[in-house]
Every structure is written in structure tokens, then in C-alpha cells.
Amino acid sequence: MQILRSNIINFKNNNVGFKKFLLKNKLIIVPFIFILFFISFYFLIDHSTQSLVAHDEGLYARRARLIELSDNWFSPLFSSPHHKTLGSYWFIALSIRLFGNSELALRLPSILSSFLCLISSYLIALKITNKKTALISVFSLSSMPLWIQYSRYASPDILFVLCILLVILFFLNFLDSSEYIRQYFYIFLSGLFISTSFFIRSYMAFVPLIGLTPFIYFNLFRKEYITKIYFFAGIFIGSFPTCLNFYFSFKKFGIIGITSLFDFAKKQAIGGNNFDNLILVPVNFLYFTFPIGLLIFILLIFTRSNIKISYPLLTYYYPLLSLILLLCMSTSYPHYYLFLLPSLSLIFSTYLTSNSFRYSISSNTIRYLLFMIFIFLSSILLFALFSYKDFFFQYSYGSPLIVYILTSFLILSYLSSIRFLFDIKQLSSNLINIFYNIVIPQYITLSLLFNFGVLGNPNSKTKLFLKDEVVSSIIKSNTIYLFSVSSKTQTLLSYYLPSSKVVDNFDVITNYKYVITSNSNSLEKLDVQQLFIPVKKFDNHLLLMNISK
């Protein structure tokens, strides 16, 4: 009995000690637990629901694997001059080497780069504003649909954004540092990542770098001459991988090996004006940055920021000049705008944390606008839940429960945000509560929908086809020939089936044992009944076996 009593006393003492430890270190423990919770949504993945998105993911994956298998990291391995620098594929190739051929390995560089982007973005915002604003900017960035999508995408886009953010962060550290050694170190690294960004994203690096030129020139011009030397030394040393890439490309293809890169850039930039893209930019902006894009539009019209910005050339003129350049390009895809999202998040956070109303009607107008938006979105989602049950069942792989739960979670976040609009008179302070009430559920919902293949998995049928027992047994020990296959499917099959070969000549396909084709009309010219039998079909594609062999 005495032993039991002593055990109880020890347990109570340990419990009290543990509580004291938690209370004493809560400023460290609570953020650490939250960061782990935040990161976990990148890795709660159902691998069976993942497939590459064609064309881009399939092309990056195939080329990166070619570099990894050949062990040739500088010389172009392609049969014709390539329009990208090889840095586009380096980190994907390295991930393949470390973790093997899987969708997670291909996307891991983007996932890790996304974490580092959020940290860099926070540190940049901290230097320009304050902790509260910096934290809101990070939540804003991480919740945007375009950011969530490309954080799980096998491409160099997020890595490129990281390079641009590091250029800015190290330059700000250089400006803030009082020690000469630190100044030289930071300005050298800033220059280094300028040239690294070009190696990773080739001509696209010019857009943000031109946008940063006024900020860099204005602040660097006033510094000592030695700092300029370190800055350009960083650019020079960082350009070594690009120069080696150019050298080997010139050696293999001649001058066209270099000019092809800039010819592609010229075509993208000044190939002709596409007014359709210009018209769609506002729609894409609201869709890919929701709710930040919509909220900042409302705040810019009806409020003014009360926070003093330290570097207006960086905060306002850099994204504005970059945006003008992007709008002037003949071809502009949504991922071209990714590097602008951290700046958008920063501007939004400055307006959200401290603002004053421009007009007497601003407060009520914002209230009713947000009320109508929340009701409208909730109604749309509810209508979709009840009207498209078959659609949800099809795209949730027979388990629509997760779609219903997450969609309901999102609807509740919109409806619960309404209480902040009318319960308390001070709308300015309540806008932050509304913001967190929306973006955190959105981050969780979209992350899990991507992780479970409901979003970002348009080629699931191709993956399921390859996993079929009959098909997998054939492709393990046979070369599969691809004849007249649609370009997107061909891109995916060229990665998933590395031993496959593309056949362009219709007359020779009778020489091959296994053929995948989507052109069944062409095969009608053959006596298919006597030469080929279908083994498996997916969509309009057929895997045929030659029975005459």
C-alpha cells in the first residue's frame, strides 16, 4: 500500500513538473507543434492516387531521369538543341538518385523549396514590416491555390522562386548588417543566386531581375566600391554551371546549341500579342490567389495601410514592374506569376494588419460585400455536393467521404466567418479573424484534396492501366512500342515505361510484339483479327499483342 502511495505521489510530482516545463517553454513548444502540424499536410499522401500531369511533369521527369542515368550533369543529352538550361532538371534528378522513381521523389524538390520559400518570405517581411504582418504574409502565401498546386508539382518553378527570394533576403541582410565581413558575405550570396536563378529557369529569370534592378541599383550605388566587386563576383561564380552547360552544348550542336535557348525566349516574349490572355489575367488572378486576391482588391479600394514600409522600391515597384513585363509577353502561363505571390502576400498583410477606412461607407460596404461572397461560395459548394454525387464518386476513387468532409469543412469556415462581420463593431480588428478563419481551412482542404488525388491527378487512368496485373507482367520483360499515341499519353508512357520506343512508320508495326496505340482507325487497314489481339484498353488507347510472332 505504501509503495502504491509513493508511486501516486511520484506520478503527481512528474505531472506537475511536466506542466511547469510546458508553461515555461510554451513560446518554443507551441510554434514547434504548429509547424509540425503545418508540414504534415505536405506528406499525408495516398501514393496510389498520384500520377504525373502531362505535359510538363512528364517532360521534366523524363529529362531528369535521363540526366541521372547518364551521370552527365552539364552536357546536353538530347538529340537536338535544348531550349532550357540543365539546372531545370538537376534537383529532380538528384531526388531520383536518392529516393528512386516515384511521384513523391519527383515532387520532393518543390515541397522542400516551398518550405524554404515560406521561411525566406517571413524573414523578408520581418525586415520590411513587423512580426504580425510577416506571419500573416506567410499564411497568405501558403493558402493560395496556385502556390499549393506548384508546391506539389515536379517542376523548377518553386525552386526558382526560392532563388529570387534568397537574392532579396541576402541583399536586405547586406543592407542591415553593420559588420564589413557579413556585408561582403551577404552581397556575394545575393549575386550568386542571381546567376543561379538563370541556370534553373533560363530566360524567365530576367523578368524578376529586371523588376529588382531599381531597388538593387539605388541601394548598391550608395555603397563602397568593394561591395560592388563582391556582388558581381557572386554573379560571375554563380554563372559557372550555366557557362559549362553552354560550352558542352556548343561543342555538341555548334552555335545553335546556345541560340536555341534565346530563340525560345524571344518567341515567348515577342511572338505576338495575345489579348485573350490579357483578358483572362484578372479571372486567373482571383481564382489562383483566392481569397487573398479578392480581399486585397477590396482593401485597396476601401482602406489605406497605416504601416510604414522600409523599402518601397522592393515592396511596390518590384512587383509592379515585373507584372508589366509579364503582361507584355506574348505567352503567359499562370506559373509565370508564382514569384509575385510573396510580394502580393506582403502587400496584403500590410493592409490587413493596420488600416483605416478611406470613405464613410467603407465599413458597411466591406461587411455586405464579404457577407454576399461567403453566402455565394457556400451556396455553390452545397449545390455541387448535392448535384454532382456521381462526379465526386468518380474523382475520389470510390471514397467520396473525404470530399464531403473537406467540402463541408470549407463551407463551415465561410459561414462561421459571417459572425465576425456583424457581432462586433470594430471591423478592422475582425478582418484578421476572418482571414485566419478562411485561409487555414482552405490550406488544409486543398492540401488534402491534392494529396488524395482528387485534384492534380488528371492521368489516373494511365497509372491504373500500368498497374494492371496483366499489363505490368508484360511491360516488365518486353519492349512496348508506341504508335500514334496522343502526345500527352506518349509523354507519360515515355517516363513510366523507360524501355518503350516511339514508332512513326505505320508499315513496320507488324514487326513488333506489343504495341500501344490510340489510332484504331489506322489499324483497320490491317487484318487485326489475324495479326493483333487487344490485351487491355484504357480511354481510347489499346495495348495490342502481335499473335503472328
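Caption draft 1: Looking closely at the sheet that holds strand E4 (residues 501–503). The strand order across the open sheet formed by five strands is E4-E3-E5-E7-E6, and the pairing between neighbours is mixed. Edge positions in the sheet fall to E4 and strand E6 (532–538), since each has one partner strand and no second. Between one strand axis and the next, the sheet turns through 30° on average, direction left out of account. In terms of strand pairing, strand E5 (residues 514–517) meets strand E7 (residues 541–546) through four bridges, oriented antiparallel. Pairing of tyrosine 514 across the sheet is with methionine 545, part of E7. Set on the sheet, helix H23 (residues 469–477) makes contact with E5, E6 and E7; between it and E6 the angle comes to about 115°.

Caption draft 2: Inspection of the packing of helix H10 (residues 206–221) against helix H16 (residues 312–328) at higher detail. Where H10 meets H16, the closest approach of the two axes is 8 Å, and the angle between their N-to-C directions is 150°. In this structure, H10 crosses over H16, and the sense of that crossing is right-handed. Residues Val207, Pro208, Ile210, Gly211, Leu212, Pro214, Phe215 and Phe218 of H10 touch H16, and the partners they reach there are Leu313, Leu314, Tyr318, Leu321, Ser322, Leu325 and Leu326. Among the residues forming the contact of H10 with H16, the class breakdown is 13 nonpolar, two polar and no charged.

Caption draft 3: Fine view of the state of the cysteines. Using the criterion set out here, one finds zero disulfides in the structure. Between cysteine 163, a cysteine without a disulfide, and cysteine 117, which holds the nearest cysteine sulfur, the sulfur-to-sulfur distance is 8.8 Å. According to the relative accessible area criterion, cysteine 163 is buried, its value standing at 4%.

Caption draft 4: Examining helix H22 (residues 460–467) more closely. All buried positions along H22 are accounted for by Ser460, Thr462, Lys463, Phe465 and Leu466. Looking at the buried residues of H22, the elements they touch are helix H5 (103–128), H23, helix H24 (487–496), E5, E6 and E7.

Caption draft 5: Region of the structure containing the layout of surface pockets. The calculated volume of the largest pocket comes to roughly 980 Å³. Along the wall of the largest pocket there are 29 residues; nearest its centre are Tyr287, Leu381, Leu446, Leu449 and Leu455. Those elements giving two or more residues to the lining of the largest pocket turn out to be helix H7 (145–150), helix H14 (275–288), helix H18 (362–387), helix H19 (389–395), helix H20 (401–422) and helix H21 (427–451). Here the second largest pocket defines a volume of roughly 820 Å³. The wall of the second largest pocket is formed by 27 residues, among which Phe285, Leu323, Tyr337, Leu340 and Leu344 lie closest to the centre. Mapped by element, the contributors of at least two residues to the lining of the second largest pocket are H14, helix H15 (292–302), H16 and helix H17 (341–353). The element contributing the most residues to the lining of the second largest pocket is H14, with seven residues. For the lining of the second largest pocket, the class distribution of residues is 21 nonpolar, six polar and no charged.

How each quantity is defined
Residues numbered from 1 in each chain as written. Predicted model: local features only at pLDDT ≥ 70, side-chain atom pairs only at ≥ 80, totals over all residues. Heavy atoms only, no water. Pairing = 2+ DSSP bridges. Helix = DSSP H or I, 4+ residues; strand = E, 2+ residues; numbered from the N terminus. Axes fitted to C-alpha atoms, helices over the stretch in contact; angles between N-to-C directions. Contact = heavy atoms within 4.5 Å. Left-handed = near helix turned anticlockwise from the far one by under 90°. Nonpolar A, V, L, I, M, F, W, Y, C, P; charged D, E, K, R; others polar. Disulfide = S-S within 2.5 Å. Buried < 20%, exposed > 50% of the residue type's maximum accessible area, 1.4 Å probe, protein only. 1 Å grid on protein atoms, 1.4 Å probe; cavity = no way out; pocket = protein on both sides within 12 Å on 5 of 7 lines; lining within 4 Å. Points joined across faces, edges and corners; volume = space filled by probe spheres on them.

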